[in-house]
Amino acid sequence: MIEVRGLSKRYGELAALVDVSLEVGAGEMVVVLGPSGAGKSTLLRCINRLIEPSAGEVRIGGEPAPGTRAGLRRLRSQVGMIFQDHNLVPRLSVLKNVLAGRLSRMPEWMSLLQLFRAADVRIALDCLGRVELEDRAWSRADRLSGGQQQRVGIARALAQEPRAILADEPVASLDPKTARIVLSDLKRASRELGIAVLCNLHQVGYAMEFADRVIGIHAGRVVFEGSPDALDAQALAQIYPGLDGLSEADAEPDSVPAPLADLLS
Amino acid sequence: MKAAAPVFILGRAWHTRQWLQWLGVLAAACAALTWSAQDLHLSISELVKGLPWVADFVSRMVPPNWSFMQRLVRPVFETIQLAIWGTLLAILLALPLCFLAARNLTPSPLVFHATRQVFNAARGINEIIFALVFVAAVGLGPFAGVLALSIHGAGMLGKFFAEAIEEADPGPVEALRATGARPLQVIVFAVLPQALPAWIAATLYRLEVNLRAATILGMVGAGGIGFELYSSLKLFQYEDTATCVIVILVMVMTADYVSSRLRARILAR
C-alpha cells in the first residue's frame with residue numbers, strides 16, 4: 001500500500017535520508033526504530049510531502065505522487081498522520097477535530113461556514129467510537145487527558161478513511177499503560193480496516209509487542225528489516241551503534257526494556 | 001599598573017571605566033532635561049501665580065448645570081455610535097490584511113513588510129489629524145469622525161490580529177495540511193480558533209479606546225460629545241462644561257470597566 005523507492009533527502013551538506021526503500025502492505029503495522037535524529041520523522045514527512053524529498057519515488061496504493069497542488073491534497077487525503085503532540089486544535093470540540101479529517105472531502109464553502117453533512121458527522125462519530133471516546137464528542141479537545149487526545153488524533157486520521165497512516169512517535173509523551181492503549185487502538189484499526197501503518201517509535205519493547213515488521217534506521221539509512229523476533233543484540237547494535245558500549249546506567253530504560261537489556265549485556 | 005579594586009553595587013563589580021561611563025550618561029541626561037525645561041518655560045513660580053486662576057475656573061464650574069444633561073443625550077448616543085461604527089469598519093479593513101501581515105501566513109516577505117508599514121502609518125497618525133483630513137474631505141459631522149476612527153483603528157487592530165496569528169501553535173496547522181485540507185480550510189479550522197480570543201480582546205480594547213477618542217473628535221467638528229464640551233468652553237458656560245466632563249468620565253469609566261472584565265473572561269477561556 002505504501003511503496004517507497006530510493007528516497008533521499010538532503011539539507012545542504014547533511015544527508016537526512018539516503019536511498020531508503022520500503023513497503024507496507026494493507027493491514028500491516030510496520031514500526032520504524034532508530035535513534036533521535038536518524039531521519040525517522042523526515043521519512044514520514046517525505047511520504048505525505050510535508051517535506052519535499054530530494055530524490056526517489058513514493059506510491060500510495062500504486063498511485064505515484066502527483067505534481068499538482070490538487071493532486072498533492074488528494075494524496076494527503078488518503079494518508080492519515082498522527083503526531084507526537086497529537087496536534088489537535090485545542091479550542092475546538094473533539095467532534096470538530098475529528099471532522100477536520102474529512103475536510104478534504106467536503107464542499108469547501110460548507111466547511112468554511114461550519115456546515116457538516118450528516119454522513120460526515122456519522123463517520124466522525126463512528127471513528128470516535130473506534131477509540132471509545134464517542135461520549136466525549138462535545139468536550140473541548142484541550143479538556144481531555146494526553147492519552148485521550150492522542151486517541152482523538154487517531155480518530156481524526158481514521159476519519160480520512162485513509163489507505164495508510166503515518167504515526168510519528170505517537171506514544172512518546174505518554175505513560176506506559178496509556179501508550180499500550182493508544183498502540184492497541186492503532187493496531188486494531190489497521191487490522192480491521194486494512195490500513196497500512198508506518199509508525200516511528202523509540203521504545204524497542206513496544207516495537208516487539210505491536211509491530212508486524214520492524215525497520216531500523218541509522219543516519220538516514222535502513223540498517224535492519226525483519227520481524228520483531230529478529231531484533232537481537234546484533235540488530236540493535238546496528239540500529240543503535242555504541243549502545244552496547246554504554247553501561248546499564250547510561251542506557252535509557254525506556255528504549256531498552258528489561259529482556260533486551262539482558263541481551264545486550 | 002594594577003587596576004583599582006572594584007566597588008560592588010547590587011552585586012555587580014563597578015570599575016573606574018564603568019563609573020566614568022555612567023557619569024557621562026547621567027551628565028548628558030541632565031543637560032537634555034535642563035535644555036528642554038528652558039524651551040518649555042517650565043516654572044514653578046508661574047504655576048503658583050496661576051493657581052488662583054485655576055481655583056477661579058473650578059469655582060465657576062460648580063455647581064454643574066444638571067439641566068444641561070438633556071442637551072447631552074443626543075451627543076452621548078452619537079459618541080457611542082461613533083465608537084461602534086469606527087470599530088466595525090476598522091475590523092473590516094484589518095481582517096483581510098492581517099493574514100498578509102503575519103509572518104507565518106504571508107505569501108512573501110515583501111508583502112509582509114509592506115502591510116506592516118501600512119498598519120504602522122495608520123496607527124502612527126493621531127485620530128484628530130485623520131479627523132481634520134476627513135472633515136475637509138466629507139464635510140463637518142460625525143461621518144468624518146467614523147472614518148478617522150476606522151483608519152487609525154485598522155492600523156492597531158491589523159497589527160494585533162497579525163501578532164495573534166503568529167502566536168498560533170504550528171502543530172495543528174501542520175496536522176490539517178497533512179489531511180489534505182485546502183488552505184482556507186486550514187486557516188478557518190486551525191488558525192482562527194487559536195487566534196480568535198486574542199482578536200476579540202483586541203477589538204474590545206479598541207472599542208474602549210474609540211469611545212475615549214470619540215469624546216474629543218467634536219472639537220474639530222467630527223461629531224460626538226466633544227462639540228458640546230468645546231462650545232460651552234468658548235461661550236464661558238463653565239457649569240455646562242462641568243456637566244460634559246462628568247458625563248464623559250462616567251462613559252469612559254463604564255466602558256473601561258466592562259471591557260476589561262469581558263477581556264479577562266475571554267482570555268481566561
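Residue positions are counted from 1 within each chain, in the order its sequence is given. As they are written, the chains are lettered A onward and the ligands numbered 1 onward, keeping that order. Reporting in this predicted model follows two pLDDT cut-offs: at least 70 for local features of residues, and 80 or more for side-chain atom pairs to be given and counted; totals over whole chains, interfaces and linings ignore these cut-offs and use all residues.

### Topic: the overall build of chain B
So, step 1. Of regular secondary structure, chain B possesses 10 helices and 2 strands.
So, step 2. Ordered by position in the sequence, the α and β elements of chain B form the string β-β-α-α-α-α-α-α-α-α-α-α.
So, step 3. Here the radius of gyration uses the C-alpha set of atoms, whereas the globule reference equals 2.2 Å times the residue count to the power 0.38. A globule of 269 residues ought to have a C-alpha radius of gyration of about 18 Å, yet chain B, at 26 Å, is considerably larger.
So, step 4. The dimensions of chain B, computed from C-alpha atoms along their principal axes, are 75 × 70 × 35 Å. Helical segments are the DSSP runs of H or I of at least four residues, strand segments are the runs of E of at least two, and each set is numbered from the N terminus.

### What to know about the sheet that holds strand E5 (residues 63-64) of chain A
All names here are of chain A.
So, step 1. Judged by pairing direction, the sheet is antiparallel, and its 4 strands sit side by side in the order E2-E1-E4-E5 without closing on themselves. Since the sheet does not close on itself, it has two edges, and those belong to strand E2 (14-24) and E5, each with one partner.
So, step 2. The sheet contact formed by strand E1 (residues 2-11) and strand E4 (residues 55-60) spans 5 bridges and is antiparallel. In the sheet register, Arg5 faces E4, and the bridge partner there is Glu57. In this analysis, strands are considered paired if DSSP registers two or more bridges between them.

### Considerations on the pairing of E1 of chain A
All names here are of chain A.
So, step 1. The pairing of E1 with E2 spans 7 bridges and is classified as antiparallel. Note on E2: the bridge partner recorded for Lys9 is Leu17.
So, step 2. Hairpin connection of E1 to E2: 2 residues between the antiparallel strands, including Gly12 at a positive phi of 60°.

### Details of the sheet that holds strand E8 (residues 196-201) of chain A
Residues and elements named next belong to chain A.
So, step 1. Pairing is mixed across the open sheet formed by 6 strands, whose spatial order is E6-E7-E8-E3-E9-E10. Single-partner strands in this sheet number two, and they are strand E6 (79-82) and strand E10 (221-226). Across this sheet, the average inter-strand angle for adjacent strands is 20°, counted without regard to direction.
So, step 2. Bridge count between strand E9 (residues 213-218) and E10: 5 bridges; the pairing is antiparallel. When the bridges of E10 are listed, Gly216 appears paired with Phe224.
So, step 3. Running over the sheet, helix H7 (residues 176-193) touches strand E3 (29-33), strand E7 (164-168) and E8 and is turned about 160° from E8. All axes are obtained by fitting lines to C-alpha atoms, using only the stretch in contact for helices, and the reported angles, taken between N-to-C directions, cover 0 to 180 degrees. Our contact criterion uses C-beta atoms placed from the backbone: two residues qualify when those atoms are within 7 Å.

### What to know about the pairing of E3 of chain A
Looking along a regular strand, one sees the side chains alternate between the two faces of the sheet.
Residues and elements named next belong to chain A.
So, step 1. Exposure classes come from backbone-placed C-beta atoms, where a residue is buried if 20 or more other C-beta atoms lie within 10 Å of its own, exposed if 12 or fewer do, and partly exposed in between. Taken across its 5 residues, E3 has 5 buried, putting it largely inside the fold.
So, step 2. Burial of the side chains of E3 extends over both faces: Met29, Val31 and Leu33 are buried on one face and Val30 and Val32 on the other.
So, step 3. Here E3 runs beside E8; their pairing, made up of 5 bridges, is parallel. Across the sheet, residue Val32 finds its bridge partner in E8, namely Asn200.

### Description of the environment of Ser184 of chain A
So, step 1. Structurally, the position occupied by Ser184 of chain A is in helix H7.
So, step 2. In this structure, the C-alpha to C-alpha distance between Ser184 of chain A and Glu209 of chain A, residues 25 residues apart in sequence, is 9.8 Å.

### Points about the packing of helix H8 (residues 183-217) of chain B against helix H10 (residues 238-268) of chain B
Residue and element names in this part refer to chain B.
So, step 1. At their nearest, the axes of H8 and H10 sit 9 Å apart, and the two run at 175° to each other. Judged by the angle between their axes, H8 and H10 are roughly antiparallel. Here Pro197, Ile200, Ala201, Leu204, Tyr205, Leu207, Glu208, Leu211, Arg212 and Thr215 of H8 come into contact with H10, specifically with Ile248, Met251, Val252, Ala255, Asp256, Ser259, Leu262, Arg263, Ile266 and Leu267.
So, step 2. Gly counts as polar in this scheme, as do all residues outside two lists: the nonpolar Ala, Val, Leu, Ile, Met, Phe, Trp, Tyr, Cys and Pro, and the charged Asp, Glu, Lys and Arg. Grouping the amino acids of the contact of H8 with H10 by side-chain chemistry returns 14 nonpolar, 2 polar and 4 charged. We call two directions roughly parallel when the angle between them is under 35 degrees, roughly antiparallel when it is over 145, roughly perpendicular when it lies between 65 and 115, and oblique otherwise.

### Details of the nonpolar core
So, step 1. What we call a nonpolar core is a set of buried Ala, Val, Leu, Ile, Met, Phe, Trp, Tyr and Cys residues whose membership is set by joining through C-beta atoms within 7 Å. Ranked by size, the top nonpolar core spans 127 residues in total, and within it Val31 and Val98 of chain A carry the most contacts.
So, step 2. In terms of residue count, H8 of chain B provides more of this core than any other element does, 15 residues in total.
So, step 3. Beyond its immediate stretch of four places on either side in the chain, Val31 of chain A contacts Cys199, Leu201, Ala207, Phe210, Ala211 and Val214 of chain A.
So, step 4. Grouped together as the second largest cluster of nonpolar side chains are 5 residues, Ile225, Leu229, Cys244 and Val247 of chain B included.

### Overview of helix H2 (residues 44-61) of chain B
Residue and element names in this part refer to chain B.
So, step 1. Expected span of a helix: the number of residues minus one, times 1.5 Å. Between its first and last C-alpha, H2 extends 25 Å over 18 residues, near the 26 Å set by a 1.5 Å rise per residue.
So, step 2. We define the bend at each residue as the angle formed by axes fitted to the 7 residues ending at it and the 7 residues starting at it. Most pronounced at Gly50, the bend in H2 amounts to some 40°, and the proline Pro52 follows within four residues.
So, step 3. Counting buried positions over the 18 residues of H2 gives 0, only a small fraction of the element.

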